[in-house]
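Report on the structure
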Amino acid sequence: DAFLTNVDAFAAASNASWPFVTTPDFAARASHSLMLAKGAKLSQFHLVREGQRERWAEYSTTNDAWVEESIQYEADSSQWNTSDPAAYISSDSSEADTKSDWYMPLWQNFPIGSEQPAYNVDGASVHLVHDSIVFLLNRTVVITGTIDLTSSGREDPASEIHVPIGTGRNFTMVNGLLSMRFFWKDLFEAIEVPGSGAITVVVSNECGETFSFESFF
């Protein structure tokens, strides 16, 4: 909530209009928020409305200095120094999925090197984001199903929490979504009381997904 408040405050102070907003020092802000929330990745998807795609394509390619800044921040950090941020490249927003009624390109995200999704990839074509859109437009926070991230070196399940990005105190307009990826084990270990011994956690949902793990405190 504090992160989104800062983003909205910057947009208002700089007289920037959505979706044409780029938050300064994004990597440092995201890193701080992720450490506090025990998150693994923070991403912003901006809602680009009809008639804005051409302007967005130009805006994104001329305002992507944050990419190099984030790569450098990640390289200088022992915690966030992941696979290969140099492999991170942009994509041409003109190639977005035109079959979708929505265009919600990935914009600023951190850490970059944890996977290499190109910025401007259309979130509306990614099932986790696409499935959240209708709820986000109703100003509802969404926790997704579990994600298999064994390729990243962790076998325990992760999920994402999607929070709508809005304008103004009364949330007069939805401008996109903020996504935070987290591992369930990290979350439970953060809220349990140290010294309580071994705890076996079993998590299930209405989709039939079930997983368990043991944590020691």
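Residues numbered from 1 in each chain as written. Predicted model: local features only at pLDDT ≥ 70, side-chain atom pairs only at ≥ 80, totals over all residues. Heavy atoms only, no water.

1. Some remarks on the environment of Lys 41
Among the secondary structure elements, Lys 41 is positioned in strand E1 (residues 39-46). Spatially, the C-alpha atoms of Lys 41 and Ile 112 are 8.5 Å apart, while their sequence positions differ by 71 residues. At 2.7 Å, the side chain of Lys 41 forms a polar contact with the backbone oxygen of Pro 111. (Helix = DSSP H or I, 4+ residues; strand = E, 2+ residues; numbered from the N terminus. Polar contact = N/O pair within 3.5 Å; in protein donor to acceptor, adjacent residues only side chain to side chain.)

2. Observations regarding the environment of Pro 105
Looking at where Pro 105 falls in the secondary structure, it is placed in the loop between helix H4 (65-75) and strand E2 (106-110). Note on Pro 105: relative accessible area 0%, which makes it buried. Considering only alpha carbons, one finds Pro 105 and Arg 53, 52 residues apart in sequence, at a separation of 10.0 Å. The contact partners of Pro 105, leaving out residues within four places of it in the chain, are Gln 44, Phe 45, His 46, Val 48, Trp 56, Asn 120, Val 121, Asp 122 and Gly 123. (Buried < 20%, exposed > 50% of the residue type's maximum accessible area, 1.4 Å probe, protein only. Contact = heavy atoms within 4.5 Å.)

3. Thoughts on the pattern of salt bridges
Side chains bearing opposite charge may pair, as long as their charged atoms lie close to each other. Within the structure shown, the criterion is met by 1 salt bridge. When the shortest N-O distance is used, the salt bridge between Glu 160 and Arg 181 registers 2.8 Å. Of this pair, Glu 160 sits in strand E4 (residues 158-167) while Arg 181 sits in strand E5 (residues 173-183); the two residues are 21 residues apart in sequence, bridging distant segments of the chain. Overall, the relative accessible area of 7% leaves Glu 160 in the buried class. (Salt bridge = Lys/Arg side-chain N within 4 Å of Asp/Glu carboxyl O.)

4. Some points on the pairing of E2
Among the 5 residues of E2, 5 are classified as buried, and the element is accordingly described as predominantly covered. One ladder, built from 3 bridges, connects E1 with E2; its direction is antiparallel. Following the sheet pairing, Phe 45 is matched in E2 by Leu 106. (Pairing = 2+ DSSP bridges.)

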